[in-house]
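Residue-level structure breakdown
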Amino acid sequence: MTGSVTETILREHLIEGELTPGSEIAIRIDHTLTQDATGTLAYLQFEALGLERVRNELAVSYIDHNMLQTGFENADDHRFLQSTAARFGAHFSRPGNGICHQVHLERFAAPGKTLLGSDSHTPTAGGMGMLAIGAGGLDIAMAMAGEPFILEMPTVVAVRLHGALMPMVSAKDIILELLRRLSVRGGRGRIFEYIGPGVDGLSVPERATITNMGAELGATTSIFPSDEQTRRYLRAQGRELTWRRLLADAAGSYAEELAIDLTTLGPLVALPHSPDHVVPITGVVGTPIQQVAIGSCTNSSYRDLLIAAKILEGHSIDPSVSLVVSPGSRQAFLMAEREGVIETFVRAGARILESACGPCIGMGQAPASGSASLRSFNRNFSGRSGTADAGVYLASPEVCAASALSGRISDPRDLERIPEVRAIPAAYQIDDSQILAPAPTSDVAIVRGPNIAPLPTFGPLPATVAGPLLKKLGDDISTDDILPAGAEILPFRSNIPVLARFTFKRLDPSFATRAAAQSGSFIVAGRNYGQGSSREHAAMVLRYLGVQVVIAESFARIHAANLVNFGIVPLTFDDPRDLQLLQEGDTLAIEDIAGALAVESVPIRLEVSRLERPVLLRHQLTERQIAILQAGGLLNRARRADRSKAAALA
Ligand code: MIC
Ligand code: SF4
């Protein structure tokens, strides 16, 4: 991969390690972003590090998730975050200003820089040629403290695009095609770098749709070059000075390469309940739908609103359908308003929502029982919409708009009038009045309402871990399964003791009570455990409930890092068939777990009360991670390191 855009950025930011796939590297982080659902903990953890101000180049604290204020909790969180941003030196994007990824792309993202965000869709900024990675809130707090981000060097995969998209086929179909081919596990340990002649025709918002939803592949990130399209977008954002050309070297060779011929691509749809259950639209045309939602960080740019409005123009939506539209940012909203797009939506019968995550995270607009909802979003895990028995389909804004007109999934290529939107506006409407600059000094009081609970503290790793196997799960368990989001639960993101009561609520309502009565307990799962969101809460609540070890066939990247950060040991099977031997209720034990982790060549012995022989386990942990686990988590370790630094200086 000599000469790839990825490698260029990594070289410029490398602090430690070598760019050899699989080895641990430390990179400097330029920008950080947090959103409110993960930001409260990130800032509580930053505060616990005891620093006066953020030390990275730019930190932005966004409010976009917890926007329904059915009680005081979310408003408390917003106030807390506004005061921590002012106090610690971060910019603050006020509620209503838009979804973090969309706003960051518009107003801050910069080619060639690095961005670490406490949200799994942070790679959206990869559409701008930025190396943008999602991580847990504690990793963001460390980056805000000026510490490097440590990750396993991924394999860089080239995605070569040929040809050009046909009318009514869009960027969403490119990423759905990759999901169809590679599945939600296909991106593990990989960065997808887009190259080839087909790249030139894609605007930055279209590229951002692709890099955004690369998260669903489980990829570390996705990236496009920074070229004339990037320059055009930055010029339209009044930020041309931020532009820098960043192209892959012609001689660049990649470890793996995939090719997509855009000309042959048709509209695709992901069926319930996984973003990789992708089929050509022709296979589902005619399926009745009761809700259509256009929005989310994947498809809510001005371009996406415009194409949908052009399809709806002069028509009314089918009476069986509720159409909701959430513009991704205040800028997209203002553009849509100025150009008559909002009026077209309203005349067609759409309901306009505020610029926020909204229905994507179950913050309102839960579909009717047993109904089908078609969304331009990126995730359709079971229950995420807020309705347990609803089925969510994912597709492009073009497919969503065409289907809203008929009440059935419809192929937009069959419309009588085929509109097109390829170019971006020459100038976007720029108004940064809802982004507050930090206070010039740290002399600002932090406002803490009753919903902001103190951080729980965790002890070091015990010598022997012993306890019951509390839960045995299958493949692809998402963090939405572990700790659901939605309007009922999200308000407690800054209150771990309350939040913990909702652990595995949808899969196993009695889990939290059972777990709280035990300590040193275990969880067992199949492949890709912890896929989806970056919410570190999904690790923290388990630790709070006494879970000490998770054994899985494999783990999703961000969640594995979060487990370690909170002192839960992630282990894999030496022989994956042994998963079958374990049963819920078994009593399990690992003696001298620290010693066992230290010797990598020898498998770890898991004693199972019911079995005569131990089950052999493995780990992929580095020395640094083992030290974090022994300390009982990253915060304990960071504080300890700080204390020894202080003692050495004294
Ligand atoms: C999501 O899409 O699942 C979220 C909500 O944005 C999460 C973050 C969170 O849980 O707060 C994500 O993608 O990381
Ligand atoms: Fe928000 Fe949905 Fe994007 Fe997550 S995926 S950041 S909930 S819009």
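Refer to the preceding data block for the structure.
Here's a quick rundown of the structure. Quick caveat, the model's predicted, so the values are computed rather than measured.

As a further point, take the overall build of the protein chain. Of the regular secondary structure elements, the protein chain holds 21 helices and 27 strands. A compact globule built from 650 residues should have a C-alpha radius of gyration of about 26 Å, and the protein chain, at 24 Å, falls within 12% of that. Dimensions of the protein chain along its principal axes, counting C-alpha atoms only, are 70 × 55 × 55 Å. Each of the 650 residues in the protein chain was classed as buried or not, and the buried ones make up 63%. Considering only residue pairs separated by 6 or more positions, the protein chain has 77% of its internal contacts joining residues 24 or more positions apart. Seen as two clouds, the 59 positive and the 69 negative side-chain charges of the protein chain have centres 2 Å apart.

Let's shift gears to the packing of helix α9 (residues 302-312) against helix α11 (residues 341-348). It is the contact of α9 with α11, at a shortest axis distance of 9 Å, that shows an interaxial angle of 45 degrees. The angle between the axes of α9 and α11 places the two elements in the oblique class. As α9 packs across α11, the resulting crossing turns out to be left-handed. Every residue of α11 that contacts α9 at Y302, L305, L306, A308, A309 and L312 is listed here: V341, T344, F345 and A348.

Within the structure, ligand 1 sits among 14 residues, and H65, D119, S120, S534 and R535 are positioned closest to it. Here an oxygen atom of ligand 1 and a side-chain polar atom of D119 are 2.7 Å apart. S533 places a polar side-chain atom, nitrogen or oxygen, 3.4 Å from an oxygen atom of ligand 1. Burial of ligand 1 by the protein chains amounts to 97% of its free accessible area of 330 Å². Residue composition of the shell around ligand 1, by class: two nonpolar, seven polar and five charged.

Under the counting rule described, the total for this entry stands at 39 salt bridges. Two residues, R231 and E228, come together in a salt bridge whose shortest N-O distance is 3.4 Å. Taken together, the residues span about one helical turn, with R231 and E228 both in helix α8 (residues 228-236) at a distance of three residues. For R231, a relative accessible area of 24% puts it in the partly exposed group. By relative accessible area, E228 is classed as partly exposed at 36%. When the shortest N-O distance is used, the salt bridge between R527 and D475 registers 3.2 Å. On the criterion of sequence distance, the pair formed by R527 in the loop between β22 (521-525) and α17 (537-544) and D475 in the loop between β21 (465-472) and α13 (479-482) is long-range, its members being 52 residues apart. The exposure class assigned to D475 is partly exposed, which follows from its relative accessible area of 35%.

Let's shift gears to helix α6 (residues 171-182). Over its 12 residues, α6 runs 17 Å from end to end, which matches the ideal 16 Å to within 8%, given 1.5 Å per residue. Most of α6 sits inside the fold, with nine of its 12 residues counted as buried. Residues of α6 that are buried: A171, K172, D173, I174, I175, L176, E177, L178 and L179. Residue S183 follows α6 closely and has a positive phi angle near 75 degrees.

Moving on to the site of ligand 2. Contacts to ligand 2 come from H65, H101, D119, H121, S296, C297, C357, C360, I361, N378 and R384. Of the residues belonging to the shell around ligand 2, the class tally is four nonpolar, five polar and two charged.

Looking now at the packing of aromatic side chains. Summed over all chains, the structure comprises six aromatic pairs. Measuring from ring centre to ring centre gives 6.1 Å for Y529 and F555, while their planes differ by 85 degrees; the resulting arrangement is edge-to-face. Residue Y529 is found in the loop between β22 and α17, and its partner F555 is found in the loop between β23 (547-552) and α18 (557-565); the two are separated by 26 residues along the sequence. A single burial state applies to Y529 and to F555, both of which are buried.

Turning to its location among the elements, G117 is positioned in strand β6 (residues 114-117). Under the relative-accessibility criterion, G117 is labelled buried at 0%. Measuring from C-alpha to C-alpha, the distance between G117 and A141 comes to 9.9 Å, with 24 residues separating the pair along the chain.

Another aspect to go through is helix α4 (residues 100-107). Counting buried positions along α4 gives eight out of eight residues, so the element sits mostly inside the fold. For α4, the set of buried residues is C100, H101, Q102, V103, H104, L105, E106 and R107.

Spatially, six strands are ordered β7-β6-β3-β4-β5-β20 in an open sheet, and the strand pairing comes out mixed. Across the chains shown, the open sheet's two edge strands, defined by having one partner strand only, are β7 (131-134) and β20 (435-436). With three bridges joining them, strand β4 (residues 58-62) and strand β5 (residues 91-93) adopt parallel strand pairing. Looking at the pairing, Y62 lines up with S93 of β5. Sitting on the sheet, helix α2 (residues 36-48) touches β3 (31-35) and β4, and the angle it makes with β3 is about 115 degrees. Here helix α5 (residues 137-144) sits on the sheet and contacts β3, β4 and β6; the angle it forms with β3, its principal contact strand, is near 140 degrees.

Attention now goes to unusual backbone geometry. Of note, the amide linkage connecting P272 to H273 takes the cis form, showing an omega dihedral of 0 degrees. With respect to the helices, strands and loops of the structure, H273 is situated in the loop between β13 (268-270) and β14 (278-280). Its identity as a non-glycine residue notwithstanding, S296 has a phi of 75 degrees, on the positive side. Relative to the elements of secondary structure, S296 occurs in the loop between β15 (291-294) and α9. One non-glycine residue, N528, lies in the positive phi region at around 60 degrees. Positionally, N528 belongs in the loop between β22 and α17.

Moving on to the nonpolar core. Counting residues in hydrophobic clusters, the biggest one holds 111 residues, and the most contacted among them are Y529, L597 and L606. The leading source of residues in this core is α5, at six residues. When neighbours within four sequence positions are excluded, L597 is seen to be in contact with L461, V569, L571, I604, H619, L621, I626 and L629. The next biggest cluster of nonpolar side chains, apart from the first, holds 60 residues, and it includes M130, V284, A309 and I342.

Taken together, R637, R639, R640 and R643 make up a surface patch of like positive charges. By the secondary structure assignment, R640 is in helix α21 (residues 634-649).

Thresholds applied
Residues numbered from 1 in each chain as written. Chains lettered and ligands numbered in written order. Predicted model: local features only at pLDDT ≥ 70, side-chain atom pairs only at ≥ 80, totals over all residues. Heavy atoms only, no water. Helix = DSSP H or I, 4+ residues; strand = E, 2+ residues; numbered from the N terminus. Rg over C-alpha atoms; globule rule 2.2 N^0.38 Å. Buried < 20%, exposed > 50% of the residue type's maximum accessible area, 1.4 Å probe, protein only. Contact = heavy atoms within 4.5 Å. Lys, Arg positive; Asp, Glu negative; His and termini not counted. Charge placed at Lys NZ, Arg CZ, Asp CG, Glu CD. Axes fitted to C-alpha atoms, helices over the stretch in contact; angles between N-to-C directions. Parallel < 35°, antiparallel > 145°, perpendicular 65-115°, else oblique. Left-handed = near helix turned anticlockwise from the far one by under 90°. Near = heavy atom within 4 Å. Polar contact = N/O pair within 3.5 Å; in protein donor to acceptor, adjacent residues only side chain to side chain. Areas by Shrake-Rupley, 256 points an atom, 1.4 Å probe, with all protein chains shown as cover. Nonpolar A, V, L, I, M, F, W, Y, C, P; charged D, E, K, R; others polar. Salt bridge = Lys/Arg side-chain N within 4 Å of Asp/Glu carboxyl O. Expected span 1.5 Å × (residues − 1). Phe/Tyr/Trp six-rings, centres within 6.5 Å; stacked < 30°, edge-to-face > 60°. Pairing = 2+ DSSP bridges. Core = buried A, V, L, I, M, F, W, Y, C linked by side-chain atoms within 4.5 Å. Patch = residues over 30% accessible without salt bridge, like charges linked within 9 Å, V, L, I, M, F, W, Y side chains within 5 Å.

Any functional reading would require information that these geometric values do not contain.
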